[in-house]
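# Notes for the structure review
One letter stands for each residue in the lines below.
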Amino acid sequence: MNPYPVKVEQQMQKLYQSLSEKDRRRYGAIEALKLGWGGISYISLLFGCDYYTIRFGIDELDDESAMNMRDICPSGGGHIHTASV
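Residues numbered from 1 in each chain as written. Predicted model: local features only at pLDDT ≥ 70, side-chain atom pairs only at ≥ 80, totals over all residues. Heavy atoms only, no water.

Attention now moves to helix 3 (residues 39–47). Counting buried residues in helix 3 gives seven out of nine residues, a clear majority hidden from the surface. Taken together, the buried positions of helix 3 are Gly 39, Ile 40, Tyr 42, Ile 43, Ser 44, Leu 46 and Phe 47. Once helix 3 finishes, Gly 48 follows within two positions and takes phi at roughly 65°, a positive value. (Buried < 20%, exposed > 50% of the residue type's maximum accessible area, 1.4 Å probe, protein only. Helix = DSSP H or I, 4+ residues; strand = E, 2+ residues; numbered from the N terminus.)

Structure, rendered in structure tokens:
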């Protein structure tokens, strides 16, 4: 696995920080899959997230129903899962 250049890593980190939690794990999952062997470890270190968060993101990418769900935070907290339109 070849790591990304420093400038690209910095851009990726900025993008990652701008995303929701759900989108972070899915973005991390896509980047890890692009890298192949060792990609999950590299991306988890780059983004400062847990290895298993990326594994969960990879599982979500393969789950049609998970990819069609949106998290909506109602006032007062908590999450409601609804199908996207």
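The next subject is the nonpolar core. In this structure, Tyr 4, Met 12, Ile 43, Phe 47 and Ile 54 are the most contacted members of the largest nonpolar core, which totals 15 residues. Of all the secondary structure elements, the ones that give two or more residues to this core are helix 1 (6–18), helix 2 (21–35), helix 3 and helix 4 (51–61). Top element by residues in this core is helix 3. It accounts for five residues. The contact partners of Tyr 4, leaving out residues within four places of it in the chain, are Glu 9, Met 12, Glu 31, Lys 34, Leu 35, Tyr 42 and Ile 43. (Core = buried A, V, L, I, M, F, W, Y, C linked by side-chain atoms within 4.5 Å. Contact = heavy atoms within 4.5 Å.)

Looking now at the pattern of salt bridges. Under the definition given, this model contains five salt bridges. With its nearest N and O atoms 3.5 Å apart, the salt bridge here joins Lys 22 to Asp 23. When its relative accessible area of 18% is taken as the criterion, Lys 22 is described as buried. The partner of Glu 31 in a salt bridge is Lys 34, with the nearest N and O atoms 3.2 Å apart. Of the two residues, Glu 31 and Lys 34 are both situated in helix 2; the distance of three residues between them amounts to about one turn of the helix. Taking relative accessible area as the criterion, Glu 31 reaches 7% and is therefore assigned buried. Take Lys 34: its relative accessible area is 56%, and that puts it in the exposed class. The structure contains a network of salt bridges with shared partners spanning Arg 25, Arg 26 and Glu 60. (Salt bridge = Lys/Arg side-chain N within 4 Å of Asp/Glu carboxyl O.)

Let us look at the environment of Met 1. Among the secondary structure elements, Met 1 is positioned in the segment before helix 1. We classify Met 1 as partly exposed; its relative accessible area is 46%. Note: C-alpha distance between Met 1 and Gly 38 (37 residues apart in sequence) is 6.7 Å.

Turning to the confidence of the model for the chain, a few remarks are in order. Mean pLDDT over the chain works out to 83, with 74% of the residues at or above the 70 mark. Below a pLDDT of 50 lies the segment residues 72–76, which in the model reaches eight contacts outside its immediate sequence neighbourhood of four places, other chains included. Contacts of residues 80–85 to residues separated by more than four positions or lying in other chains number 15 contacts, the stretch itself having pLDDT below 50. (pLDDT = per-residue confidence, 0-100.)

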